[in-house]
Each structure stands twice: as structure tokens, then as C-alpha cells.
Amino acid sequence: MNTGQIAKSAFRGIMRNKLRSALMMIGVMVGVGALTVVTALGESTVKGVMDKIESTFSANNIFLSAGGGNRHGAARGEGPTTTLTLDDMEAIAAEVPNVDLYAPSARVGNRMVSYRGKNQEVRISGHSEAAESLYRRAERGAFLNANDIQSAARVAVIGQDAAQELFGDADHIGEQIRIASVPFQIVGVLEKGGIDIHGINRDMEIFVPVTTAMRRLENVDHITAAKIHVQDAGRMADTVGAIQRVLRGRHHLSAEQADDFSMITPVQVHAMVEENNRTLTLFLPLIAAIAILVGAMINASLMLVSVNERRPEIGLRKAVGARSKDIQAQFLIESTTMTTLAGILGL
């Protein structure tokens, strides 16, 4: 038999056994579909994380937070979280030449916010005027200014989802809300923040002056963290060392004591992302490959059943002169055709 005749026989065999052919194709379709979806989700997840990191943590930023650190390669300790102050930040700006901007923050957490009898739990954080450059801008109205920080003013910039929950579609610039029992006036609306890499909805958030958060909401004299912007990213390592020396000196830490603060640099952030990326790259295709293998096993099993059921046909074909390799070619064409079509449909 020539190749054309073998192919025609294979296609006739596929059409005569539509149900069996469909079952063989389903296994491959599911496997290829799973591989495609898993790969796409993995790549989009990595891209989404990288986009979020790039938008909040550029190559010129250092994230400084209160709490345990390390010293000379020692393991990270659990230091106190009350030692980072606004005075520390002013000292860093004055003594570290490469630092050109810093934005201190005081984490208040979720608080009940009320407006004309309507209550909503919203995430509250204290910021300075520099947060407009290093965190998020106001889309409408005004942002916090230096006078607000200096006077610990009771003003707030509200996230869009929080504004929708409290005010609906009404204009809310100039309206007064209560955070816990403290009244605040809305002066602006934050631009869209979306969901951050920690899964927090940044649009359900309210910014208040950092001094107001410290004195009126938390009654503390320390901040939680600060984002520091440096002029020259190429001098990042020297800048981190200089900040460390300034803070250790101000906090009177001996050489044996661990830092009571911690810093995250872009190099560390990208290293963590790459580690997660390697994990996704390894395990996601492995899961999809298992699905492909299951599909192939289903295909092989059904093909074996097909061969056993068609023994009389095979015997008749051989009796009229068909060679073994012709019959093998027919079954191979049937299997390849169904697998290829199923793969295209799965994709």
C-alpha cells in the first residue's frame, strides 16, 4: 500500500470510531490546556509581582524599618520596634550625603472610620509630604503638606475604595470623618493603588500626617518605617553602611549588639523575586507535565483497546496483502492525527 491509501484508511478508522477518538483527544486536550494555562499564569504572576515591586521600590530606594537586624553576618534578632524616630531620619538626611529624600511612616493599622452614622473598617497609616513622591499621589484634591506635618493637623487623604464605601458617589472633599474618636477633614483622594504584593487593598487606606498618627491615634514618639531615596544608586552599598553607622551611633549599640533596625535594598528585593521565580519555573511546568503524561497514558490505553478490538480487520487486511509496517503506519497516523488536533484545541 502507498502512503496515500494508508492515510485514507487511517482517517476512515477515526470516523468509524467517533466516541473512542473523542475520548483519546480529550486526554491530550486537557493536558495541553493545563500546560498552557499554568505556564501563562506563572509568567503573569511573576510579571505582576515585578511590576508591583518596580512601582513601589525603585533602584534608588532603601526601605528602613524598626525592629531586629543583623551584625557582621549574625542571625537576625528580634530587636525593639520603638527606637526609630523622626530625629533619626533628620540625622540620616543631614549626615549621609547620598540621601536626598525620605518619607517616614507610622503604621496605625485597621481602625473604624465613621461618617454620618456609616461605619467602615479602613487601614490607616501616617505619612509625610514626601510620600507624594515616594508612595502615591493625590488624584483629586490636595496631598499632605509640610504645615500639616509640623502642626499634626487632623486632615486625611482617602483611598478610592474607602471613599466609595463611606460616601458613595457624593463629592467628599472637605467632608469630616472620625477615625476612632478623632475628627479628620478629607483634603484629597489617592490615586489607584490596587492590590500590593502582600495582598493588601491599597485603595481601602487613608493617609494622615505622620505626626498626627503618632500623637493623636497611637500616642507614641516613634515611627514604624521609612522609605529613603538616594541620588546615586551606584553608591547604594556605601549609603547603606553610612545609614547603619548613623543609627547604631544614635542608638548607642555596641559592636556585639545586633541592629535594632533593618534595611531592604533593591538588590535584596530582586534576589527574593528571583528565588520565587525559580520555584515557579520549576514546579508549575512539572505539574503541567504530569497532566500531559496522564493524557498520553489515556491515549495509549485507548489505542491498545482499539488494536485489540480491530484484530479481525487487521487479519483481513494482512490476508489481502497488507504488510505489518502498513498496519503500524495506519495506527500511527490515526494516533498522530488525533493527538495533533487535540493539542491544537487544548492550546
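Remember, predicted model here, so these are calculated numbers, not experimental data.

## Describing the overall build of the protein
The helix and strand inventory of the protein stands at 11 helices and 10 strands. Across the 347 residues in the protein, those meeting the buried criterion constitute 41%. Counted over contacts in the protein with a minimum sequence separation of 6, partners at least 24 positions apart contribute 74%. In the structure as shown, the protein presents an accessible area of about 18500 Å², 57% of it carried by carbon and sulfur atoms.

## Some details on the side chain of E205
Counting through the fold element by element, E205 comes out in strand β8 (residues 205-209). Only 3.3 Å separates the side chain of E205 from the side chain of S125, close enough to count as a polar contact. At 3.2 Å, the side chain of E205 forms a polar contact with the side chain of R202. In contact with E205, other than residues within four places in its own chain, are V122, R123, S125, R136, V157, I158, G159, A162 and L190.

## A few points about empty space enclosed by the protein
Evaluation of the coordinates by the stated rule reveals 1 cavity of 30 Å³ or more. Taken as a whole, the largest cavity encloses approximately 40 Å³ of empty space. Lining the largest cavity are 11 residues; nearest its centre among them are R20, S21, M24, E334 and M338. Those elements that place two or more of their residues in the lining of the largest cavity are α1 (3-16), α2 (18-56), α9 (266-309) and α11 (324-346). Broken down by element, the residue count for the lining of the largest cavity peaks at 3 residues, all from α2. Across the lining of the largest cavity, the residue classes tally to 4 nonpolar, 4 polar and 3 charged.

## A few points about a nonpolar patch on the surface
Taken together, the side chains of L282, F283, L286, I290, V294 and I298 present a nonpolar region at the surface, about 540 Å² in accessible area. Note that I290 resides in helix α9. Judged by its relative accessible area of 48%, I290 falls in the partly exposed class.

Cut-offs applied
Residues numbered from 1 in each chain as written. Predicted model: local features only at pLDDT ≥ 70, side-chain atom pairs only at ≥ 80, totals over all residues. Heavy atoms only, no water. Helix = DSSP H or I, 4+ residues; strand = E, 2+ residues; numbered from the N terminus. Buried < 20%, exposed > 50% of the residue type's maximum accessible area, 1.4 Å probe, protein only. Contact = heavy atoms within 4.5 Å. Areas by Shrake-Rupley, 256 points an atom, 1.4 Å probe, with all protein chains shown as cover. Polar contact = N/O pair within 3.5 Å; in protein donor to acceptor, adjacent residues only side chain to side chain. 1 Å grid on protein atoms, 1.4 Å probe; cavity = no way out; pocket = protein on both sides within 12 Å on 5 of 7 lines; lining within 4 Å. Points joined across faces, edges and corners; volume = space filled by probe spheres on them. Nonpolar A, V, L, I, M, F, W, Y, C, P; charged D, E, K, R; others polar. Patch = residues over 30% accessible without salt bridge, like charges linked within 9 Å, V, L, I, M, F, W, Y side chains within 5 Å. Salt bridge = Lys/Arg side-chain N within 4 Å of Asp/Glu carboxyl O.

Nothing here speaks to function; it is geometry throughout.
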